[in-house]
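Fold and contact review
Here is how the chains run, residue by residue.
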Amino acid sequence: MAVAPYATPVEKAWYYTFRVICGLIFFFLIMPILVIIPLGFNPVPFFTYPMEGFSWRWYGEIFGDSPISILWQRSMVNSVVVAICATLLATILGTLAALGLTRADFPGKPAVMAILISPIMVPIVVIAVGMFYFYAQVGLVSTLSGIILAHTTLGVPFVVITVSATLQGFDHNLVRAGAILGANPVRVFRKVTLPIITPGVVSGSLFAFAASWDEIVVVLFLASTEQHTVPRRMWSGIRELLSPTIIAAATMLIIISILLMFTMEWLRRRSERMRGLTPS
Amino acid sequence: MAAVSPNAGGPIMLDGVPLKIRLERAERMRKVKAVGLILPLFIFLMVTFAIPIVVMLMRSVENPEIVQVLPRSAAAMRLWDGEGFPPNEAMQTFAAEVVTAKAAKTLGKAAKRLNYNASGFRSMLFKTGTKLERAIEKEGEEAVLQGPEMLERFIDIDKRWGERRYWSIIRQASPPHTAWYLLRSVDRDYDENTDIVPISEDQAIHVEVLWRTIVISAVVTLLCLLLGFPIAYLLGTLPTKQSNLLILLLLLPFWTSLLVRTTAWLVLLQNEGVINDIAIYFGLWDEPLQLVRNRMGTYIAMVHILLPFMVLPMFSVMKGIDPYHMKAAASLGANPVSAFIKVYLPQTLPGVGAGVLLVFILSLGYYITPALVGGPADQMLSYFIAFHVNTTVNWGLAAALSALLLVCVMIFFAMYQRLVGVGNIRMN
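A brief report on the enclosed structure follows. (Residues numbered from 1 in each chain as written. Chains lettered and ligands numbered in written order. Predicted model: local features only at pLDDT ≥ 70, side-chain atom pairs only at ≥ 80, totals over all residues. Heavy atoms only, no water.)

1. A word on the packing of helix H3 (residues 67–103) of chain A against helix H1 (residues 19–58) of chain B
Which entries qualify depends on this criterion: What counts as an axis is a line fitted to C-alpha atoms, over the stretch in contact for a helix, and the angles between N-to-C directions run from 0 to 180 degrees. Working definition: helices are DSSP H or I runs of at least four residues, strands are E runs of at least two. Numbering for both runs from the N terminus. Crossings are classed by handedness, with left-handed meaning an anticlockwise turn of the near helix from the far one by less than a right angle and right-handed meaning a clockwise turn. Residues are treated as being in contact if the distance between any of their heavy atoms lies within 4.5 Å. Here the nonpolar group is Ala, Val, Leu, Ile, Met, Phe, Trp, Tyr, Cys and Pro; Asp, Glu, Lys and Arg are the charged ones; every other residue, Gly included, is treated as polar.
One way to put it is that H3(A) packs onto H1(B) with a least axis distance of 8 Å and a crossing angle of 145°. Taken as a pair, H3(A) and H1(B) cross one another with a handedness that is left-handed. The residues of H1(B) that touch H3(A), namely those facing A:Leu93, A:Gly94, A:Leu96, A:Ala97, A:Leu99, A:Gly100, A:Leu101 and A:Arg103, are B:Arg30, B:Lys33, B:Ala34, B:Leu37, B:Ile38, B:Pro40, B:Leu41 and B:Phe44. Here the contact of H3(A) with H1(B) is built from residues that sort into eleven nonpolar, two polar and three charged.

2. Focus on the interface of chain B and chain A
Worth spelling out the cut-off: Summed over both partners, buried area is the accessible surface (1.4 Å probe) that two parts give up on being assembled. Here a salt bridge means any side-chain nitrogen of Lys or Arg lying within 4 Å of a carboxyl oxygen belonging to Asp or Glu. For this analysis, a polar contact is any N or O atom pair within 3.5 Å, provided that within protein one partner can donate a hydrogen and the other can accept it, and provided that sequence-adjacent residues contribute only side-chain to side-chain pairs.
Contact with chain B, which involves 93 residues of that partner, is made by 93 residues of chain A. Taken together, both faces of the contact between chain B and chain A bury some 8500 Å²; the carbon and sulfur share is 82%. Taken together, the connections running from chain B to chain A amount to zero salt bridges. For the pair chain B and chain A, the number of links is nine residue pairs in polar contact (both at pLDDT 80 or more). Top contributing element to the side of chain B that touches chain A by residue count: H1(B), with 21 residues. Here the residues of the side of chain B that touches chain A are counted per class, giving 68 nonpolar, 17 polar and eight charged.

3. Regarding helix H3 (residues 71–79) of chain B
All names here are of chain B. So the rule is basically this: Each residue is placed in one exposure class: buried if its accessible area under a 1.4 Å probe, protein chains only, is under 20% of its type's maximum, exposed if it is over 50%, and partly exposed if it falls in between. Comment: arc refers to directions from the helix axis out to C-beta atoms.
What H3 keeps buried is the set Ser73, Ala74, Ala76 and Met77. Along the axis of H3, the buried positions cluster into a sector of 165°, meaning they face one direction only. Across from the buried face of H3, at angles greater than 90 degrees, the exposed residues are Arg72 and Leu79.

4. Describing the layout of surface pockets
Which parts of space are left empty comes out when a probe the size of a water molecule is rolled across the atoms. Selection rule: Cavities and pockets were defined on a 1 Å grid built over protein atoms only: a cavity is a set of grid points that admits a 1.4 Å probe from which the probe cannot escape, a pocket is an open set flanked by protein on both sides within 12 Å along at least five of seven lines, and lining residues are those with an atom within 4 Å of any such point. Grid points are joined across faces, edges and corners, and a volume is the space filled by probe spheres set on the points.
Considered as a void within the structure, the second largest pocket measures approximately 700 Å³ in volume. Looking at the lining of the second largest pocket, the elements with two or more residues in it are H3, helix H7 (173–180) and helix H8 (185–214) of chain A together with H1 of chain B. Its residues placed into classes, the lining of the second largest pocket shows 14 nonpolar, four polar and four charged.

5. Quick look at unusual backbone geometry
Negative phi values dominate among residues other than glycine, just as trans dominates among peptide bonds. Despite not being glycine, A:Ser142 has its phi angle at roughly 60°, a positive value. Among the structural elements, A:Ser142 can be located in the loop between helix H5 (124–137) and helix H6 (144–168). Under the relative-accessibility criterion, A:Ser142 is labelled partly exposed at 32%. Not every positive phi belongs to a glycine, and B:Asp187 is a case in point at roughly 60°. In this structure, B:Asp187 sits in the loop between helix H10 (180–185) and strand E1 (188–190). Given the relative accessible area of 5%, B:Asp187 is considered buried.

6. A short note on the packing of H1(B) against helix H20 (residues 395–419) of chain B
Residue and element names in this part refer to chain B. Keep this limit in mind: To sort the angles, those under 35 degrees are grouped as roughly parallel, those over 145 as roughly antiparallel, those from 65 to 115 as roughly perpendicular, and the leftovers as oblique.
For the pair H1 and H20, the least separation of the axes is 7 Å and the interaxial angle reads 120°. Our classification of the angle between H1 and H20 gives oblique. Packed against H1, whose contacting residues are Ile53, Met56 and Leu57, the element H20 presents Trp395, Ala399, Ser402, Ala403 and Leu406 at the interface. Here the contact of H1 with H20 is composed, by residue class, of seven nonpolar, one polar and no charged.

7. Let's talk about the pattern of salt bridges
All names here are of chain A. Overall, the coordinates contain 15 salt bridges over all chains when judged by the stated rule. As a salt-bridge pair, Glu226 and Arg74 come within 3.6 Å of each other at their nearest N and O atoms. Remark: Arg74 occurs in helix H3 and Glu226 occurs in the loop between helix H9 (217–222) and helix H10 (230–240); sequence separation between them is 152 residues. Its relative accessible area of 31% is what places Arg74 among the partly exposed residues.

Written as structure tokens, this is what we have:
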């Protein structure tokens, strides 16, 4: 969208004004995330510039061996365990359901789809309060399993959506071809269907991972100190006394977000390329 | 099936079954297999998600306390027509059960329930229990609990028993189900004649909170639209190579944890924060401005968090709009502004609608961000649900408020489903 050679001065002026406006909006989007990262390396506990030097002090508070560090480290282990288990469960259940949803039409399919998607639409506090009330009666409160089940629920819609989207472009004649050539259904699934839908499955599971990794509200209700995850630990810190340790933890979360984002982008572009969708 | 005459079903297969029936059978098998694949997730979500929420929402109409603690009084009170005062026998039953429940240490549960309706009821009930116990010690059980003038005795213990209000509260709390919590969630109450009336203004809070929730969501949605439209347009009209690069600037905040972004704004906006320092350094203002723990901070942080949800659906629609439409309009003599309004804008509406509804639905349920960067006057419905669960432990009211919030969300979700279709939700 370069400015056309025949553009009038007004059009030219608008063209550049528009670009500046967009620049400012992008600045608004990115600035807060970039500005706080260096503050985690400030040797003094102030949240402003200019910084008074450079230190790993606040990262030391997370990775050291003081009682607080041990809480941080335990919360990291919890976060990783919960996110991985929830992702695996959500990926398996979600992929199977997506395969079923695209395989045939049956009465009530839109309603079933709406139920499978609803965990992303129902307000998170309502979900958390409902789970807290119900899980308390079956002894799942203050257990990692309870949190894993809850996070699986929150992540599963993403898997269903992305895998269904991938399957929409899927040619079912390939499955029939496989069957005609003598492969049993399991072999057809492993050798034909799975390789084609893998990008969708992987991106769905990355979404599910992110949903669990960032989740705080359900953890607020279901976890006691033993099960605290990193966001839950940050929450206590923010509420009590905002210390640069929180920013150090936030920076690590940002790095993981960046990794997730680039993986997703790489997958998306790869699948676009493979389907020949990328215009020059 | 065997009764079908051979020439009615068209071609017949080698095993003698008409092709049509074989196809129907195969089709049915496909459906069964499809349902079998969906079933595990469906059952999983029912158990971990749907049933818990339904069970919790049921709490909003359940009224078990009086029935459990004072069962015979509850039955007697339900028989009372609500006119004047309860009959003497009902009061006798009530007095006897209060004494028993106090001895069994279950009275607290009933007292807590009655205290929801009128604060001070709890202490009044315990005081009544103690005084009745003492009177029984002095005068004997029969004289106290079989007395002909029970109302007089109650008024002697506490003169508030002379007000009908307290007796009708017990009556209203006696059925096993009640609409009272739902009424309270919209600031209504029963009066002493069990008519529905608005509650006094100093107690009314929930309608205001609901209105505030809608206003905050609407303002956030509008701001997201204003900021999101230009960048979606830019991304949609740039060549793919450049837009792929710019879209990373949008996806980074999208992927960054909500808590991290809220923390970032808390750090930036606080009185000793980066923005106040820079503004004072450049002389924009002299004293640190209160930018956070108020409405302003809530809007800034929420818009920042929800902006990608507005841009992504608009971008995917705008990317599909043929740039030659605008050129055609120009060549037909439209100036750029009218070409934009008449040709481009109408084509973006599906994306705009999807983005607006999505952001609005998500804002309605916001809890973490307002709780951290908002002040007491910026808390939304979610906050009060959590408050009634954690602080007042009033499950009935928490469930009623949840139902209220859920209904609001469902209305807009139904609109979203009409417009976008659940099956068509896309990410990226």
